[in-house]
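# Topology and contacts: notes
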Amino acid sequence: MQIDMITCANPLAQYMEYKKRIDAAVSGVLASGRYILGDEVKAFEQELAVYLDVPYAIGCGSGTDALVLALRALDIGTGDEVIVPSHTAVPTVAAIAIVGAIPRFVDIEPGFFTIDPACIEVACSANTKAIIAVHLYGQSAAIGDIADIARRHNLYLIEDCAQAIGATYQGKKLGTIGDIGCFSFFPTKNLGAIGDGGAIVCKDQLLATRINRLRQYGWNNDRISEEPGINSRLDELQAAVLRVKLEFLDNANKQRKHLADIYSQSLGQLPLSIPIERAEAEHVYHLYVVQTGYRDTLIEFLKEHSVNAGIHYATPIHKMPAFKREVALPATEKAAAMVLSLPLYPGMEMESQKYIIKLIHTFFENKLLE
């Protein structure tokens, strides 16, 4: 039997589910003649703020830009240190470099893959200005402990929620606990656009006003640049698509959780580590990440049988040429050698998941016979 390739993520599936609504929204924008910072962006910002229960939301061009704007708005720049995990997507660290600051890499909590609060405490110095807590794979970092550290050391706390929109910690939506929350709407994200997009959220009016200004050349209402800014505007087409999808986000996240539960129930007895969920937190499973010492052979086995699993992330950022640092991060390096992301997305067919589970069982059964 011929099996079509099962991908790790499938943004097309979600577009097809809401196709009529999305097509109508896009057509409405095209017919409006207003394509930049119009009614759709304003409405999306308001709806996102309501969803997250935060006063201010500002759309921008990408998740990377959201982080850059957050750092700029907090006056973090040349010579300042920002504590950040090395086990994250490159944009988290790229944003720090873009503003001229220095990433101070620290290790992760092995079971959760998120920044280790104990390592943050040790890394704080006179030059440290901020912490970026990355809520990785859809799960909260230990944000309560991290917020306490930030307060004690008088540091800003930025939440990178690119992979965790809709997730919670102690009942609060991620992105609303620190000083600023940053979101990505890359097509594969839990709330994905049909292209790039991002947003910044905060509780402080003056900070929101400054971010709003910085995303468009530092302009005031008269288009006078009060400070140097950038061009990072969420466009009307993307905002219209995101408004449609935001309405169904909680349901889509429930689908992800259901699929994750099936994986965990079906794979829990095999010689691999399945995800664990943090107490008092709600995981939204942007990725379903297992760990196994057979990672590289398993991923090849799956690929041979038309399953495209992923690795998030195979190379820690502190080992990449652009950001190389001599620092000991044992938990990070162990995770990089063992993590494997199994296909999981809203609209994934049950037969596809059963097929993947059967393949993984077959792989380990064969390993036991070797």
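Reading the values: rules and limits
Residues numbered from 1 in each chain as written. Predicted model: local features only at pLDDT ≥ 70, side-chain atom pairs only at ≥ 80, totals over all residues. Heavy atoms only, no water. Pairing = 2+ DSSP bridges. Helix = DSSP H or I, 4+ residues; strand = E, 2+ residues; numbered from the N terminus. Core = buried A, V, L, I, M, F, W, Y, C linked by side-chain atoms within 4.5 Å. Buried < 20%, exposed > 50% of the residue type's maximum accessible area, 1.4 Å probe, protein only. Contact = heavy atoms within 4.5 Å. Expected span 1.5 Å × (residues − 1). Arc of directions from axis to C-beta. Axes fitted to C-alpha atoms, helices over the stretch in contact; angles between N-to-C directions. Disulfide = S-S within 2.5 Å. 1 Å grid on protein atoms, 1.4 Å probe; cavity = no way out; pocket = protein on both sides within 12 Å on 5 of 7 lines; lining within 4 Å. Points joined across faces, edges and corners; volume = space filled by probe spheres on them. Nonpolar A, V, L, I, M, F, W, Y, C, P; charged D, E, K, R; others polar. Phe/Tyr/Trp six-rings, centres within 6.5 Å; stacked < 30°, edge-to-face > 60°. Lys NZ or Arg CZ within 6 Å of the ring centre and 35° of its normal. Right-handed = clockwise from strand over helix to strand, strands pointing away.

## A few points about the sheet that holds strand β7 (residues 172-173)
- Taken together, the three strands give an open sheet; going across it, the order is β7-β6-β10, and neighbouring strands pair in antiparallel fashion. Edge positions in the sheet fall to β7 and β10 (281-282), since each of these pairs with one other strand and no more.
- Of the strand pairs in this sheet, strand β6 (residues 168-169) and β10 are connected by two bridges, and their pairing is antiparallel. Bridge assignment links T168 to a residue of β10, and that residue is E282.

## Some details on the nonpolar core
- Of all hydrophobic cores here, the largest spans 46 residues; its most connected members are L71, V82, F113, I132, I158, I180 and I211.
- Of the residues forming this core, the biggest block, seven residues, is contributed by helix α4 (residues 63-73).
- Ignoring anything within four residues of it in the chain, the contact list for I132 reads L67, V82, I83, V84, P85, T92, I96, I115, I158 and D160.
- Core analysis: the next-biggest nonpolar cluster, separate from the first, contains 44 residues, C124, A164, V201 and L234 among them.

## Some points on the pairing of strand β3 (residues 102-106)
- Pairing analysis gives five bridges linking strand β2 (residues 81-85) to β3, with the strands arranged parallel. By the bridge assignment for β3, V84 is matched with F105.

## A look at helix α2 (residues 19-32)
- If you check α2, its first and last C-alpha atoms are 20 Å apart, about what 14 residues at 1.5 Å a residue would give, namely 20 Å.
- Taken together, the buried positions of α2 are I22, A25 and V29. On an axial view of α2, the arc spanned by its buried residues comes to 65 degrees, and they lie on one face. Seen from the open side of α2, the exposed residues pointing more than 90 degrees away from its buried face are K20 and A31.
- As for α2, its buried residues are in contact with α1 (11-17), α3 (39-52) and α9 (236-247).
- Two residues or fewer after α2 comes G33, characterised by a positive phi angle close to 80 degrees.

## A look at the sheet that holds β3
- On the basis of which strands lie adjacent, the open sheet formed by seven strands has the order β1-β9-β8-β5-β4-β2-β3 and mixed pairing. Bordering the open sheet on either side are β1 (56-60) and β3, each of which pairs with just one other strand. If you compare each strand with its neighbour and ignore which way they point, the axes differ by 25 degrees on average.
- By the bridge criterion, five bridges tie strand β4 (residues 128-134) to strand β5 (residues 156-160) in an arrangement that is parallel. Looking at the pairing, V134 lines up with D160 of β5.
- Strands in contact with α3 are β1, β8 (180-184) and β9 (198-202); relative to β1, the strand with the most contacts, it is inclined by about 130 degrees.

## A few points about the state of the cysteines
- A full pass over the atoms with the stated rule returns zero disulfides.
- For the unlinked cysteine C202, the closest cysteine sulfur is that of C182, found at 9.8 Å.
- A residue is classified by how much of its surface remains accessible, and C202, at 2% relative accessible area, is buried.

## Notes on helix α5 (residues 90-98)
- Restricting attention to buried positions, one finds in α5 the residues T92, V93, A94, A95 and I96.
- On the buried face of α5, the contacting elements are α4, β2, β3, β4 and β5.
- Phi turns positive one or two residues past the end of α5, at G100, with a value near 90 degrees.

## Section: empty space enclosed by the protein
- Counting across every chain of the model gives two cavities of 30 Å³ or more.
- Quantified by volume, the largest cavity comes out at close to 80 Å³.
- In terms of lining, the largest cavity is formed by A9, N10, P11, A13, Q14, P187, T188, K189, R256, Y345 and P346.
- The leading source of residues in the lining of the largest cavity is α1, at three residues.
- Split by residue class, the lining of the largest cavity holds six nonpolar, three polar and two charged.
- For the lining of the second largest cavity, the per-class residue count stands at nine nonpolar, three polar and no charged.

## Focus: the packing of aromatic side chains
- Under the defined criterion, the tally for this structure stands at 10 aromatic pairs.
- Linked through ring pairs, Y294, F301, F363 and F364 together constitute an aromatic cluster.
- The ring centre of Y51 lies 4.6 Å from the NZ or CZ of K173, which sits over that ring.
- We note R278 situated over the ring of F112; from NZ or CZ to the ring centre the distance is 4.0 Å.

## Let's talk about the side chain of R278
- In this fold, R278 is placed in the loop between α10 (249-267) and β10.
- When near neighbours in sequence (up to four residues on either side) are disregarded, R278 contacts E109, F112, T114, Q139, S140, A141 and A142.

## Some points on the pairing of β2
- Counting buried residues along β2, five of its five residues qualify, which places the element largely inside the surrounding structure.
- Burial of β2 is two-sided: the residues E81, I83 and P85 facing one way and the residues V82 and V84 facing the other way are all buried.
- In the classification by handedness, the crossover that spans β2, the intervening α5 and the parallel β3 is right-handed.
- Strand direction decides the pairing type here: β2 and β4, joined by three bridges, are parallel. By the bridge assignment, V82 is partnered in β4 with A130.

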